[in-house]
Amino acid sequence: MAIIVRNSLTHKMEEFHPLVEGKVKMYTCGPTVYGTPHIGNYRTFFMADILRRYFEFKGFEVFHVMNITDIDDKTIRDSAKEGLTLKEFTEKYTKIFFKGIDWLHIKRAHIYPRATDHIQDMINWIQKLVNKGFAYVTEDGVYFAIQKFDKYGQLVNLKLGKQKVGERAKADEYDKEHVQDFALWKKSTEEEIKRGIYYESPWGKGRPGWHIECSVMSMKYLGETFDIHTGAVDLKFPHHTNEIAQAEAITGKPFVHYWIHGEFLSIKEEKMSKSLGNVTTLHQLMSSFEPDTIRYLYLSTRYDALLVFSEDKLISAKNSVEKLRNTLENVLAVLREPTIASPFSEQEEALLTKAHALKNEFEQVMDNNFDTPKGLKIIHELAKSLNKYLEGDINPGVLQEAFTIYKTLLGTFGLFKKLSLKDAALQGDKLTDELLNFLIEIRNAARKRKDFETSDMIRDRLAKLDVILEDTPKGTVWKHKT
Ligand SMILES: [Zn+2]
């Protein structure tokens, strides 16, 4: 079945069909590196991560590009405030951005083009726009004449007409009530020239406007037409509207087939406890929460619905993650034990039928515009089936098969990245497992002869290595501490 996506360009739910069979070319508006990103910003980057993971789950090869805006109104303004050069300033916040991306286990894009590395490409494109009559030069820069582009404003159903020809917005951001010609190139101010923030161009010393950066860099790496462009919903106007105009005015081809926009995250401040304080950035949550909890929180609301962030939701996400992790750990512990295969019984068959049915269901809900909240419910159902199975006789082959499905679904949501490493140790590192079982035997022998000093020492030393021993009716098993 094809994946259905909400396409902002047509304002419809549509089947996704890639330009090239089996491949997805995707661009995401990346950060403007002028501060520590808000948790809402990371929600947008997370959305792109889920899209990518799900396309990969479906067998697509995804090529993902995300830009870094390291020159624009805001970076210039705030670098001056911090007393840093533009480069020092944007480097600092680029590092912070990546710290959050990696912490959240968001897959890194294949390329992160920086605006300042592509100035000549932008100048060339602006020159083409001027030559073709879509742009004009003024005393303070070069502007795009929106009246010249017939389809201007498709993303936001804009009807041109009321605004006066030649009304211009020099700032990168303005609202829909003030539709105007927008800046492609801005002549540097004296202050900017003094700070060395300028590039030579046919129109004098200056720098690109924000919107041209994304058109030029996306087409450079993905071609004049590509499959998916994502970003936050507030970028529809003017940013994405202008991106389309700049690109299509020259190429005459559709710039992007599917525009997918992520909704906002709003914060219910009154619900935050004192210990959490006034949380606005992901980085403030890093010391008190795990990445999986934040991922779960994002997953619990579909990308195109408003997510109201509250402490209650954080706690509930934390508890849900704990449940899923317990199942994962418990199955891993059982799979580590030498178990004699029981004959294939009705219980076995029921588990496998259920696991495969749930996997199909997962695909159905995710095919329907990436319905992650429903996807989570299905994963919980599979966890319940696994928990129940663990209570009876165990056939390791059957357990392994159902467990593989469980791990695949968790992996599609990027959950438990840490555990999957430990899992790899389980599959590959037999020696560790055997040594640990040997230590368990020594400890049991020590306990039998009431040598508690030795048995406690073994337990305590293992605890320091984050390995815990659990005495179960079936004997002692080892687990990774979480
Ligand atoms: Zn952009």
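Above this text sits the structure in question.
Please read all numbers here as calculations on a predicted model, not as lab measurements.

Enquirer: With reference to specific residues and values, describe the overall build of the protein chain.
Expert: The number of helices and strands found in the protein chain is 15 helices and 15 strands. Referenced to the eigenvectors of the C-alpha coordinate spread, the extents of the protein chain come out at roughly 90 × 50 × 45 Å. Counting the 482 residues in the protein chain, one finds 52% classified as buried. Just so you have it, the protein chain exposes about 22,400 Å², and 53% of that area is on carbon and sulfur atoms.

Enquirer: Tell me about the pattern of salt bridges, residues and numbers included.
Expert: Oppositely charged side chains can form a pair if their charged atoms are brought close together. This structure, assessed with the given rule, holds 30 salt bridges. Salt-bridge contacts for Lys 58 lead to Glu 363; the nearest nitrogen and oxygen are separated by 3.0 Å. Separated by 305 residues along the polypeptide, Lys 58 in the loop between α1 (39-57) and β4 (61-66) and Glu 363 in helix α10 (residues 346-367) bring together distant segments of the chain. Taking the relative accessible area as the measure of exposure, Lys 58 reaches 22% and is therefore partly exposed. Of the charged contacts in the structure, one is a salt bridge between Glu 200 and Lys 205, with a shortest N-O distance of 3.2 Å.

Enquirer: Quick rundown of a nonpolar patch on the surface? Include the residues and the values.
Expert: On the surface, a cluster of nonpolar side chains totalling about 390 Å² of accessible area is made up of Leu 431, Leu 435, Phe 438 and Ile 442. Note on placement: Leu 431 falls in helix α14 (residues 430-448).

Enquirer: Help me get a handle on the layout of surface pockets, residues and values and all.
Expert: Space inside the largest pocket adds up to approximately 670 Å³. Together, 30 residues line the largest pocket, and Asn 41, Lys 74, Ala 232, Asp 234 and Leu 235 are the ones closest to its centre. For the lining of the largest pocket, the secondary structure elements donating two or more residues are α1, α6 (210-222), β10 (226-232) and α7 (236-251). With four residues, α1 is the largest single contributor of residues to the lining of the largest pocket. Taken together, the residues of the lining of the largest pocket break down into 14 nonpolar, twelve polar and four charged.

Enquirer: Give a detailed account of the coordination of the zinc ion, specifying residues and quantitative values.
Expert: The zinc ion binds to the protein through Cys 29 (SG), Cys 214 (SG) and His 239 (NE2), with metal-donor distances spanning 2.1 Å. Summarised as a motif, the one-chain spacing of the donors to the zinc ion is C-x184-C-x24-H. With Cys 29 in the loop between β3 (23-28) and α1 and Cys 214 in helix α6, the pair connects residues that are 185 residues apart, well separated along the chain. Judged by its relative accessible area of 1%, Cys 214 falls in the buried class.

Enquirer: Explain the packing of helix α4 (residues 119-131) against α6 to me, and be specific about the residues and the numbers.
Expert: Closest axis-to-axis distance for the α4/α6 pair is 10 Å, and the angle between their directions is 105 degrees. With respect to their mutual orientation, α4 and α6 come out roughly perpendicular. For the pair α4 and α6, contact is made by Asp 121, Met 122, Trp 125, Ile 126 and Leu 129 and by Ile 212, Glu 213, Val 216, Met 217, Met 219 and Lys 220, respectively. Here the contact of α4 with α6 is composed, by residue class, of eight nonpolar, no polar and three charged.

Enquirer: So what about unusual backbone geometry? Which residues, and what values?
Expert: Each neighbour pair has its own omega, and for Phe 237 with Pro 238 the value is 0 degrees, a cis peptide bond. A positive phi angle is found at Phe 370, which is not glycine, with a value near 55 degrees. Within the fold, Phe 370 resides in the loop between α10 and α11 (372-390). The backbone of Lys 450 shows a phi angle near 60 degrees, a positive value even though the residue is not glycine. Assignment of secondary structure puts Lys 450 in the loop between α14 and α15 (452-464). Overall, the relative accessible area of 65% leaves Lys 450 in the exposed class.

Enquirer: Describe empty space enclosed by the protein, with residues and values.
Expert: Over the atoms rolls a probe the size of a water molecule, and its path tells where empty space is left. Taken as a whole and assessed by the stated rule, the structure comprises four cavities of 30 Å³ or more. Of the pockets and cavities examined, the largest cavity occupies roughly 100 Å³. In this structure, the largest cavity is lined by Arg 43, Phe 46, Met 47, Ile 50, Leu 51, Tyr 298, Leu 299, Thr 301, Arg 302, Tyr 303, Phe 370 and Thr 372. Here the lining of the largest cavity gets five residues from one element, more than from any other, and that element is α1. Looking at the lining of the largest cavity, its residues break down into eight nonpolar, two polar and two charged. Lining the lining of the largest cavity are residues from two domains, each supplying at least three of them: domain 1 (4-262) and domain 2 (269-428).

Enquirer: Please give an account of the packing of aromatic side chains that cites residues and values.
Expert: Counting across every chain of the model gives 27 aromatic pairs. Centroid distance Phe 97 to Tyr 112: 6.4 Å. Interplanar angle 75 degrees. Geometry classified as edge-to-face. With Phe 97 in helix α3 (residues 86-103) and Tyr 112 in the loop between α3 and α4, this residue pair connects regions lying 15 residues apart in the sequence. The same class applies to Phe 97 as to Tyr 112, namely buried. Between the aromatic rings of Phe 98 and Tyr 112, the centroid separation amounts to 4.8 Å while the plane-to-plane angle is 90 degrees, which identifies the pairing as edge-to-face. Linking Phe 98 in helix α3 with Tyr 112 in the loop between α3 and α4, this pair joins segments that are 14 residues apart in sequence. By relative accessible area, which is 11% here, Phe 98 ends up buried. A network of ring pairs unites the aromatic residues Phe 16, Tyr 54, Phe 55, Phe 57, Phe 60, Tyr 258, Tyr 303, Phe 362, Phe 370 and Phe 413 as a single cluster. Taking the ring centre of Tyr 143 as reference, the NZ or CZ of Arg 168 above it sits at 5.3 Å.

Enquirer: Which residues make up the nonpolar core, and what values do they have?
Expert: The nonpolar side chains of soluble globular proteins are, as a tendency, buried together. In terms of nonpolar packing, the biggest core is built from 84 residues, with Phe 55 and Tyr 406 touching the most fellow members. Among the elements that line this core, the one with the most residues is α1, at ten residues. The two domains that each donate at least three residues to this core are domain 1 (4-262) and domain 2 (269-428). Excluding residues that lie within four positions of it along the chain, Tyr 406 makes contacts with Leu 324, Thr 327, Leu 328, Ile 379, Leu 382, Ala 383 and Leu 386.

Enquirer: Requested: an account of the side chain of Glu 248, with residues and values cited.
Expert: Secondary-structure assignment places Glu 248 in helix α7. Separated by 3.2 Å, the side chains of Glu 248 and Lys 151 make a polar contact. Beyond its immediate chain neighbours, meaning those up to four positions away, Glu 248 contacts Phe 149, Lys 151, Lys 253, Pro 254 and Phe 255.

Cut-off values and rules
Residues numbered from 1 in each chain as written. Predicted model: local features only at pLDDT ≥ 70, side-chain atom pairs only at ≥ 80, totals over all residues. Heavy atoms only, no water. Helix = DSSP H or I, 4+ residues; strand = E, 2+ residues; numbered from the N terminus. Buried < 20%, exposed > 50% of the residue type's maximum accessible area, 1.4 Å probe, protein only. Areas by Shrake-Rupley, 256 points an atom, 1.4 Å probe, with all protein chains shown as cover. Salt bridge = Lys/Arg side-chain N within 4 Å of Asp/Glu carboxyl O. Patch = residues over 30% accessible without salt bridge, like charges linked within 9 Å, V, L, I, M, F, W, Y side chains within 5 Å. 1 Å grid on protein atoms, 1.4 Å probe; cavity = no way out; pocket = protein on both sides within 12 Å on 5 of 7 lines; lining within 4 Å. Points joined across faces, edges and corners; volume = space filled by probe spheres on them. Nonpolar A, V, L, I, M, F, W, Y, C, P; charged D, E, K, R; others polar. Donors = N, O, S within 2.8 Å, 3.2 Å for Na, K, Ca; no water. Axes fitted to C-alpha atoms, helices over the stretch in contact; angles between N-to-C directions. Parallel < 35°, antiparallel > 145°, perpendicular 65-115°, else oblique. Contact = heavy atoms within 4.5 Å. Domains from an automatic or database assignment. Phe/Tyr/Trp six-rings, centres within 6.5 Å; stacked < 30°, edge-to-face > 60°. Lys NZ or Arg CZ within 6 Å of the ring centre and 35° of its normal. Core = buried A, V, L, I, M, F, W, Y, C linked by side-chain atoms within 4.5 Å. Polar contact = N/O pair within 3.5 Å; in protein donor to acceptor, adjacent residues only side chain to side chain.

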